[in-house]
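Breakdown of the fold
Below are the chains, spelled out letter by letter.
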Amino acid sequence: MLLLKRFCRRGLMESALKRSFSTRNTFSSPTNKIKRLFNDRPLLSNGLIGGFFMCTGVLTQQVYFDSNIKWKEVITFSSLGFALGPAGVYWYRWLEKKFPGTGLLAIIKKLIIDEFVWGPLTVVSIFYVLPFFETLDHQYAINEFKQKFLNAWIGSAGFWLLFQSFNFRFVPLKYRVVY
């Protein structure tokens, strides 16, 4: 108890508390590092997160529905996510440059261009590129694309319009790919 009183009397307690709640605190440090990564290396950060999300998504789907893991598919999806992340950075920068701002008209223009250009490209990458890399069979990939593209793109457009409008209105440009 005597040691605690001396500790408090000398101002050591205040300095210890200040150090523990400073910006170098272990709890805020990962957040600051992630923010710094997005600022300093947007292509790398979006690639890593895109790869992580695709990997997590395909693993979840495989474990939940198939009960076995197909590692080639996991690697292929992760690679696609790693590639789409940096491509998305350039895409959203271009979109913001062409239609700057967060007003209603700018958001509507971004939504239309996004759904009719970026949307089909991502669906093509999923329903042609992935099957091709998994099988190395062009005809199989074409058949997969023809069978699934239209329904997937229409469903994607219906689903993402609401989220992308929020994205274009409220999310800072450097975080749009992740959202």
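Our subject in this report is the structure included herewith. (Residues numbered from 1 in each chain as written. Predicted model: local features only at pLDDT ≥ 70, side-chain atom pairs only at ≥ 80, totals over all residues. Heavy atoms only, no water.)

Assigned secondary structure in the protein chain consists of seven helices and zero strands. The order of α-helices and β-strands along the protein chain, N terminus first, is α-α-α-α-α-α-α. Counting over 179 residues, the protein chain shows a buried share of 30%. Considering only intrachain contacts with a sequence separation of at least 6, the fraction spanning at least 24 residues in the protein chain is 59%. (Helix = DSSP H or I, 4+ residues; strand = E, 2+ residues; numbered from the N terminus. Buried < 20%, exposed > 50% of the residue type's maximum accessible area, 1.4 Å probe, protein only. Contact = heavy atoms within 4.5 Å.)

For Glu73, the position within the fold is in helix H5 (residues 71-98). For the buried Glu73, no salt bridge exists, and the shortest N-O distance to an oppositely charged side chain is 4.3 Å, to Lys70. Every residue in contact with Glu73, bar those within four places of it in the chain, is listed here: Val58, Gln61, Gln62 and Glu134. (Lys, Arg positive; Asp, Glu negative; His and termini not counted. Salt bridge = Lys/Arg side-chain N within 4 Å of Asp/Glu carboxyl O.)

This paragraph deals with the nonpolar core. If you look at the biggest cluster of nonpolar residues, it comprises eight residues: Trp91, Tyr92, Leu95, Phe99, Ile107, Leu111, Trp118 and Phe168. When residues of this core are traced back to their parent elements, those giving at least two are H5 and helix H6 (104-135). If near-sequence neighbours (up to four positions away) are discounted, Trp91 is found in contact with Ile113, Asp114, Val117 and Trp118. Residues Val58, Phe77, Leu80 and Leu130 belong to the second largest nonpolar core, which totals five residues. (Core = buried A, V, L, I, M, F, W, Y, C linked by side-chain atoms within 4.5 Å.)

Turning our eyes to something else, we now look at a nonpolar patch on the surface. On the surface, Leu104, Ile108, Ile112, Phe116, Val117 and Leu121 cluster together into a nonpolar patch covering about 600 Å² of accessible area. For Leu104, the location among the structural elements is in helix H6. Overall, the relative accessible area of 66% leaves Leu104 in the exposed class. (Patch = residues over 30% accessible without salt bridge, like charges linked within 9 Å, V, L, I, M, F, W, Y side chains within 5 Å. Areas by Shrake-Rupley, 256 points an atom, 1.4 Å probe, with all protein chains shown as cover.)

Here the focus is unusual backbone geometry. Its identity is not glycine, yet Ser67 carries a phi of approximately 65°, on the positive side. When you line up the elements, Ser67 lands in the loop between helix H4 (42-66) and H5. Accessibility expressed as a relative area gives 66% for Ser67, which makes it exposed. Phi is positive for Leu136, which is not a glycine, with a value near 55°. The topology assignment puts Leu136 in the loop between H6 and helix H7 (138-170). Residue class for Leu136 comes out exposed when judged on its relative accessible area of 61%.

The next subject is the packing of H6 against H7. At a minimum axis distance of 7 Å, the contact between H6 and H7 shows a crossing angle of 145°. H6 and H7 meet at a crossing whose hand is right-handed. (Axes fitted to C-alpha atoms, helices over the stretch in contact; angles between N-to-C directions. Left-handed = near helix turned anticlockwise from the far one by under 90°.)

All right, on to the side chain of Glu96 then. By the element assignment, Glu96 lies in helix H5. Residue Glu96 is classed as buried on the basis of its relative accessible area of 16%. With residues near it in sequence (within four places) discarded, Glu96 still touches Gly101, Lys110, Leu173 and Arg176.

Running from N to C, H5 and H6 point in directions that differ by 160°, and their axes come no closer than 11 Å. Considering the angle they form, H5 stands roughly antiparallel to H6. Both H5 and H6 take part in a crossing whose hand is right-handed. (Parallel < 35°, antiparallel > 145°, perpendicular 65-115°, else oblique.)

Attention shifts here to the packing of aromatic side chains. Inspection of every chain in the model, using the stated rule, returns 15 aromatic pairs. Each ring, one from Phe52 and one from Phe53, has its centre 5.9 Å from the other, and the planes form 50°; the classification is tilted. Among the aromatic side chains, those forming a connected cluster through ring pairs are Phe116, Phe145, Phe149 and Trp153. (Phe/Tyr/Trp six-rings, centres within 6.5 Å; stacked < 30°, edge-to-face > 60°.)

Counted according to the given criterion, the structure contains four salt bridges. Asp66 serves as the salt-bridge partner of Lys70, at 3.2 Å between the closest nitrogen and oxygen. Owing to a relative accessible area of 38%, Lys70 belongs among the partly exposed residues under this scheme. Measuring nitrogen to oxygen at the nearest pair gives 2.7 Å for the salt bridge that ties Arg176 to Glu96. Residue Arg176 is found in the segment after H7, and its partner Glu96 is found in helix H5; the two are separated by 80 residues along the sequence.

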